[in-house]
Amino acid sequence: MDQPYVQGVLNFGGILKNRILSGKSYSEITDILSESGFSNIQAEKITYWLYRRRIRDFMEMDNLPKTVRLYLNDQFSPGFYEPYQTILSDDQSKKYIFSTQSGFPVEAVYMPDNKRNTVCVSSQAGCRMGCCFCYTGKLGFKGNLEVYEILNQVGSIPEAAKLTHVVFMGMGEPLDNYDNVLKAIDILTAQWGFAFSPRNVTISTIAIKPRLETFIEKTKCNIAISIHSPFEDERSTMIPSAGKYNVREILDLIQAHNWERHRRVTFQYIMIDGFNDTERHLKELIRILKGTRIRINLMSYHPSEGSILQSSPDELQWYFKRQLVYNGISASIRRSRGEDIGAACGLLGSATER
Ligand code: SF4
């Protein structure tokens, strides 16, 4: 189905004047050319200019016949547009705020780290999952992002050319916008697309049924699953959404799958003081993870305005890590990025709201 017609309004500065080409697959672009009477051998050049060079004007494609360029210029917009706000953190990460076609703000975060340059993208405006530790959840659901709106967060930031990793850990639950996220990942990892290695693309999910299973089968990218407690009653308090797998089912699903060597499965564990950071939790984590290939990321909790919860102290996070590693479990503490600009885990949307 075609992307909706954008009438040159909103915050796009008139760039998205017609139908949008970004978000279309190689075969869709081939079809567009054929239907318009052009040779479909131009598709390779078009996808190169679109996804590798992220052009804003089809007339830049100087190795294509002028007739094709004029046709595209008349019928389509490339689909890349600027963020309307950029906020720089003391730790050099940057938050970019874009408008969706419907006028809602969505946030992407660029995080440089030596040779690794990651962009954290949003898959939805707001989120309907209502996780208790997450500001985005408090905003509620405002809409799914179109494929081009997801790709735009990768392709239009000033650091686009030096990006090495893409993580779907921004606003929204990726598996709740399943078709668009899957297509965006196809384009991000295709050789005719952005050509990221699937090993460098990660989605973070609460593990929605049965989409996690099909996602595991259909892609080769990494998966980070929000666990936050090994006990189901507590996990349900933190992640109340219906339709998610429980911890046992997640473990069974992962164990049943034949994982490629370099594909990573991570459990994410936000450590909240006095809630999920006791010896009882540690022992259960060790019990369920021992002998699996699952890695665990321990994360600080970032309280938003009005929250009465606090993050577990650093020493306790390090104690958990040491004990997990001692028991043969691959564990790390994920360094917080962009906390001062509301870009850290669980804070997206807070700056925009203010
Ligand atoms: S943690 Fe993720 S799934 Fe939960 S409310 Fe926040 S954005 Fe949604």
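In this report, we go over the structure that sits alongside the text. (Residues numbered from 1 in each chain as written. Predicted model: local features only at pLDDT ≥ 70, side-chain atom pairs only at ≥ 80, totals over all residues. Heavy atoms only, no water.)

**Quick look at the overall build of the chain**
Turning to step 1, where the next piece is worked out: Looking only at helices and strands, the chain features 12 helices and 14 strands.
Turning to step 2, where the next piece is worked out: Here the C-alpha atoms of the chain give a radius of gyration of 21 Å, agreeing with the 20 Å that 2.2 N^0.38 yields for 354 residues.
Turning to step 3, where the next piece is worked out: By its C-alpha atoms, the chain is 70 × 45 × 40 Å across when sized along the principal axes.
Turning to step 4, where the next piece is worked out: A separation of at least 24 residues holds for 65% of the contacts in the chain among residues at least 6 apart in sequence.
Turning to step 5, where the next piece is worked out: Here the chain displays about 15500 Å² of accessible surface, and carbon together with sulfur accounts for 48% of that area.
Turning to step 6, where the next piece is worked out: One finds the centroid of the 42 positive side-chain charges in the chain at a distance of 5 Å from the centroid of its 39 negative side-chain charges. (Helix = DSSP H or I, 4+ residues; strand = E, 2+ residues; numbered from the N terminus. Rg over C-alpha atoms; globule rule 2.2 N^0.38 Å. Contact = heavy atoms within 4.5 Å. Areas by Shrake-Rupley, 256 points an atom, 1.4 Å probe, with all protein chains shown as cover. Lys, Arg positive; Asp, Glu negative; His and termini not counted. Charge placed at Lys NZ, Arg CZ, Asp CG, Glu CD.)

**A look at the pattern of salt bridges**
Turning to step 1, where the next piece is worked out: The full count for this structure, using the stated rule, is 12 salt bridges.
Turning to step 2, where the next piece is worked out: Between lysine 220 and glutamate 260 there is a salt bridge, and its shortest N-O distance comes to 3.8 Å. A residue pair is termed long-range when its members are at least 10 positions apart, and lysine 220 in the loop between helix H7 (211–218) and strand E11 (222–226) and glutamate 260 in the loop between helix H9 (247–256) and strand E12 (265–271) qualify at 40 residues.
Turning to step 3, where the next piece is worked out: A cluster of three or more residues bridged by salt bridges with shared partners is formed by Arg128, Asp176 and Arg211. (Salt bridge = Lys/Arg side-chain N within 4 Å of Asp/Glu carboxyl O.)

**So, the pairing of strand E14 (residues 331–334)**
Turning to step 1, where the next piece is worked out: As paired elements, strand E13 (residues 295–300) and E14 share four bridges and run parallel to each other. Bridge pairing in E14 links leucine 298 to isoleucine 333.
Turning to step 2, where the next piece is worked out: Between the parallel elements E13 and E14, the chain passes through helix H11 (residues 314–326) in a crossover that is right-handed. (Pairing = 2+ DSSP bridges. Right-handed = clockwise from strand over helix to strand, strands pointing away.)

**Brief notes about the sheet that holds E14**
Turning to step 1, where the next piece is worked out: Across the sheet, which stays open at both edges, the 10 strands sit in the order E3-E4-E5-E6-E9-E10-E11-E12-E13-E14 with mixed pairing between neighbours. In this open sheet, the two strands that pair with only one neighbour each are strand E3 (85–88) and E14. Ignoring which end each strand starts from, the neighbouring axes of this sheet average 20° apart. (Axes fitted to C-alpha atoms, helices over the stretch in contact; angles between N-to-C directions.)

**With respect to the nonpolar core**
Turning to step 1, where the next piece is worked out: Core analysis: the largest hydrophobic core is formed by 102 residues, its most contacted members being Phe168, Ile225, Phe267 and Ile296.
Turning to step 2, where the next piece is worked out: When residues of this core are assigned to their parent elements, the largest contribution, seven residues, is made by helix H6 (residues 178–189).
Turning to step 3, where the next piece is worked out: Beyond its immediate stretch of four places on either side in the chain, isoleucine 225 contacts Thr205, Ala207, Leu212, Arg235, Ile250, Ile254, Val265, Thr266, Phe267 and Gln268. (Core = buried A, V, L, I, M, F, W, Y, C linked by side-chain atoms within 4.5 Å. Buried < 20%, exposed > 50% of the residue type's maximum accessible area, 1.4 Å probe, protein only.)

**A short note on the packing of aromatic side chains**
Describing an aromatic ring pair means giving the distance of the ring centres and the angle of the ring planes.
Turning to step 1, where the next piece is worked out: Scanning the model with the defined rule gives eight aromatic pairs in all.
Turning to step 2, where the next piece is worked out: Look at tyrosine 51 and phenylalanine 194: their rings are 5.5 Å apart centre to centre, the planes differ by 35°, and that puts the pair in the tilted class. On the criterion of sequence distance, the pair formed by tyrosine 51 in helix H2 (residues 43–52) and phenylalanine 194 in the loop between H6 and strand E10 (201–205) is long-range, its members being 143 residues apart. Each member of the pair, tyrosine 51 as well as phenylalanine 194, is classed as buried.
Turning to step 3, where the next piece is worked out: Taken together through their ring pairs, the aromatic side chains of Tyr26, Tyr51, Trp192, Phe194 and Phe196 make up a single cluster.
Turning to step 4, where the next piece is worked out: Against the face of phenylalanine 141 rests arginine 128, its NZ or CZ located 3.9 Å from the ring centre. (Phe/Tyr/Trp six-rings, centres within 6.5 Å; stacked < 30°, edge-to-face > 60°. Lys NZ or Arg CZ within 6 Å of the ring centre and 35° of its normal.)

**Here's the deal with the pairing of E3**
Turning to step 1, where the next piece is worked out: With four bridges connecting them, E3 and strand E4 (residues 94–99) associate as antiparallel partners. Paired with leucine 88 across the two strands is lysine 94, which belongs to E4.

**Comments concerning the state of the cysteines**
Turning to step 1, where the next piece is worked out: All chains considered together, the criterion is met by zero disulfides.
Turning to step 2, where the next piece is worked out: Of all cysteine sulfurs in the structure, the one in cysteine 131 sits closest to cysteine 132, which takes part in no disulfide; the separation is 7.5 Å.
Turning to step 3, where the next piece is worked out: Free cysteine cysteine 221: the closest other cysteine sulfur is in cysteine 120, separated by 14 Å. (Disulfide = S-S within 2.5 Å.)

**What about the environment of leucine 289?**
Turning to step 1, where the next piece is worked out: Position of leucine 289 among the secondary structure elements: in helix H10 (residues 279–289).
Turning to step 2, where the next piece is worked out: Classification of leucine 289 as buried rests on a relative accessible area of 1%.
Turning to step 3, where the next piece is worked out: It is 16 Å that separates the C-alpha atoms of leucine 289 and arginine 235, two residues lying 54 residues apart in sequence.
Turning to step 4, where the next piece is worked out: Other than its neighbours up to four places away in sequence, leucine 289 contacts Phe267, Ile294, Ile296 and Ile329.

**Some thoughts on H7**
Turning to step 1, where the next piece is worked out: Taken residue by residue, H7 has Leu212, Phe215 and Ile216 as its buried positions. The arc enclosing the buried residues of H7, seen along the axis, measures out at 100°, which places them on a common side. The exposed set on the far side of H7, more than 90 degrees from its buried face, consists of Glu217 and Lys218. (Arc of directions from axis to C-beta.)

**Comments concerning the side chain of glutamate 149**
Turning to step 1, where the next piece is worked out: Turning to its location among the elements, glutamate 149 is positioned in helix H5 (residues 147–155).
Turning to step 2, where the next piece is worked out: Lysine 183 is the oppositely charged side chain nearest to the buried, salt-bridge-free glutamate 149, at an N-O distance of 13 Å.
Turning to step 3, where the next piece is worked out: Here glutamine 101 takes part through its backbone nitrogen, which lies 2.7 Å from a polar atom of the side chain of glutamate 149. (Polar contact = N/O pair within 3.5 Å; in protein donor to acceptor, adjacent residues only side chain to side chain.)

**Regarding the packing of helix H1 (residues 26–35) against H2**
If you want to describe how two helices pack, look at the angle between their axes and the distance between the axes.
Turning to step 1, where the next piece is worked out: Put simply, H1 and H2 touch, their axes get as near as 9 Å, and they point 125° apart. One finds that H1 runs oblique with respect to H2. Between H1 and H2 the crossing geometry is right-handed. Counting all contacts with H1, which are made through Tyr26, Ile29, Thr30 and Leu33, the residues of H2 involved are Ala43, Glu44, Ile46, Thr47 and Leu50.
Turning to step 2, where the next piece is worked out: Partitioning the contact of H1 with H2 into residue classes produces six nonpolar, two polar and one charged. (Parallel < 35°, antiparallel > 145°, perpendicular 65-115°, else oblique. Left-handed = near helix turned anticlockwise from the far one by under 90°. Nonpolar A, V, L, I, M, F, W, Y, C, P; charged D, E, K, R; others polar.)

Honestly, that's just the spatial picture; any functional story needs more than this.
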